[in-house]
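Geometric and topological summary
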Amino acid sequence: MSTPGYRRHVGLFSATMLIAGSMIGSGVFIVAADMVRTGGSGGFLLAAWGLTAILTLFAALSYGELAGMFPQAGGQYTYLRETYGPAVGFLYGWTFFVVIECGTIAAVAVGFGKYLGSFLPAVTDSAWIGPHLDVPLMKVSHAIAVGPYHLGLTPSRLSGIAVVLLLSAVNLYGVRLGSRIQDLFTVAKIGGLAALILLGLFLKPAVAPSQAPFIAGDGAALPFLTALLVVQTGSLFSADAWNAITFIAGEVKEPRRTIPFALLIGTTLVCGLYVLANAAYLKVLGPAGIAHAPQDRVGSAALQALLGSGGGLIMAGSILISMFGCLNGLVLSGARVYQRMAEDGLFYPRAALLNEHGVPGFGLWIQAFWTCLLTLTGTYGQLLDFVMLPTILFYILAVGGVILLRRRRPDLERPVKVWGYPFVPGLYLLGATAIIGALFIYRPSYSWPGLALVALGWPVYLAVKPRVAAPGGSLP
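Right, let's walk through the structure included here. (Residues numbered from 1 in each chain as written. Predicted model: local features only at pLDDT ≥ 70, side-chain atom pairs only at ≥ 80, totals over all residues. Heavy atoms only, no water.)

**Examining the packing of helix α5 (residues 86-116) against helix α14 (residues 361-375)**
- At a minimum axis distance of 8 Å, the contact between α5 and α14 shows a crossing angle of 60°. With respect to their mutual orientation, α5 and α14 come out oblique. In this structure, α5 meets α14 at a crossing whose hand is right-handed. Contacts from Phe97, Val98, Glu101, Cys102, Gly103, Ile105, Ala106, Ala109 and Val110 of α5 reach α14 at Ile366, Gln367, Trp370, Thr371, Leu374 and Thr375. (Axes fitted to C-alpha atoms, helices over the stretch in contact; angles between N-to-C directions. Helix = DSSP H or I, 4+ residues; strand = E, 2+ residues; numbered from the N terminus. Parallel < 35°, antiparallel > 145°, perpendicular 65-115°, else oblique. Left-handed = near helix turned anticlockwise from the far one by under 90°. Contact = heavy atoms within 4.5 Å.)

Rendered as structure tokens:
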């Protein structure tokens, strides 16, 4: 079943490339610095990425069963609605639009502008174009602080906005064109990441780094297991967006089998590359070199240590290609969620319509509009602060749905069943719940605001619920 007008042009290769391309952005080149500052040792860094790989693969395997049962456009929104009802489906769709998808696109777009400045010095985030507003640090409680924010347009943010608008316009012309762009850039970025890994593992830097653990200046350190859970905000974000293919299920050939296999292949490929990349960082830089990488650009520091000053520019170029492909995958897939929500009366009616090329044009543009506004609100890190907890929370609900649906609806056709049931989904639920618990205890400024954003969707749902119940009801 698919929405009338959707055209099934996406095969297994393009589906896998969409997953890999959406996952590989800039995070793998950056987040290792903060992870080492938290955990200290090289063994900790590899263990953290190993945990990320296991959790991501277990979640993807669980989603394979859901994708086989519900091969419609909308992906995770559809799974949550079918499992828990329209209220939970709406809360996910609300959070997806307000912060998860648009916030991630905005963060990557701002990061794109930051790296573009390596080649064009005028593209900077320190000069303002027109008026701007500075919002000081606000203490919500003794443990939760918000800000400071510097709102306005800079050359760096403008370049990010331009890329978002360009890719939104390109994707208006059909999923075939968008998927071909994704294929090209994903092959290029996988090749670039593989080259970094090979150079790091087989070349020797001019100065051999110390492999001694990094000691934080303040002497404060979290227990190993706690630190392992807390740093997942960085590594899980870097490995996120693997579920992008489920959003365009209505445009995938034989989705009941193609999507589960693409999820398995894509997540295994990317997570394997991530673990190897961090092993290369450790060999080239050592824990202290990773922790002290300028502006946390670990990938650039590693390549510079191997190839000299030109290595930093080569890495910056590779990251720009990686970000461009990541942005295309996110832009392409996100609008399909709004289209499905609009069909259910939970989003603006025009978002339910497909244009002459079989894509949700209105959804693409409203996504671009909100994303562009978000780029004006903060830096890369600030835009990500509130993303991960809601993301993990809804992953928990979706993976839990595999177990609930086995009990409630055993008659549903399951072309692909999750391997290792019930241990695979059960272990994911255990690990992801532990991460959320650690964030609430040790990183409250990251957790409570994210939960508040989800809760804000409840009064909106109550406002539109009567219209959902009415025949043909929808948002005004």
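**Quick look at the nonpolar core**
- Counting 150 residues, the largest nonpolar core has Phe29, Tyr63, Leu193, Trp242, Ile245, Ile290 and Tyr428 as the members making the most contacts within it.
- Top element by residues in this core is α5. It accounts for 17 residues.
- Leaving out residues up to four positions away in the same chain, Ile290 has contacts with Ala32, Ala33, Val36, Leu45, Tyr281, Leu282, Leu285 and Val298. (Core = buried A, V, L, I, M, F, W, Y, C linked by side-chain atoms within 4.5 Å. Buried < 20%, exposed > 50% of the residue type's maximum accessible area, 1.4 Å probe, protein only.)

**Examining helix α2 (residues 32-39)**
- Residues of α2 that are buried: Ala32, Ala33, Met35, Val36 and Thr38.
- Turning to α2, the residues buried within the fold contact α3 (42-69), α8 (224-230), α9 (232-238), α11 (255-291) and α12 (298-307).
- Directly beyond the C-terminal end of α2, a positive phi value near 95° is found at Gly40.

**Details of unusual backbone geometry**
- That bond from Tyr421 to Pro422 is cis: its omega, 0°, falls within 30 degrees of zero.
- Structurally, the position occupied by Pro422 is in the loop between α16 (388-408) and α17 (423-442).
- A positive phi angle is found at Ala241, which is not glycine, with a value near 75°.
- With respect to the secondary-structure elements, Ala241 resides in the loop between α9 and α10 (244-247).
- You can call Ala241 buried: its relative accessible area is 12%.
- For Glu254, which is not glycine, the phi torsion reads 45° and is therefore positive.
- As for its placement among the helices and strands, Glu254 is situated in the loop between α10 and α11.
- Taking relative accessible area as the criterion, Glu254 reaches 62% and is therefore assigned exposed.

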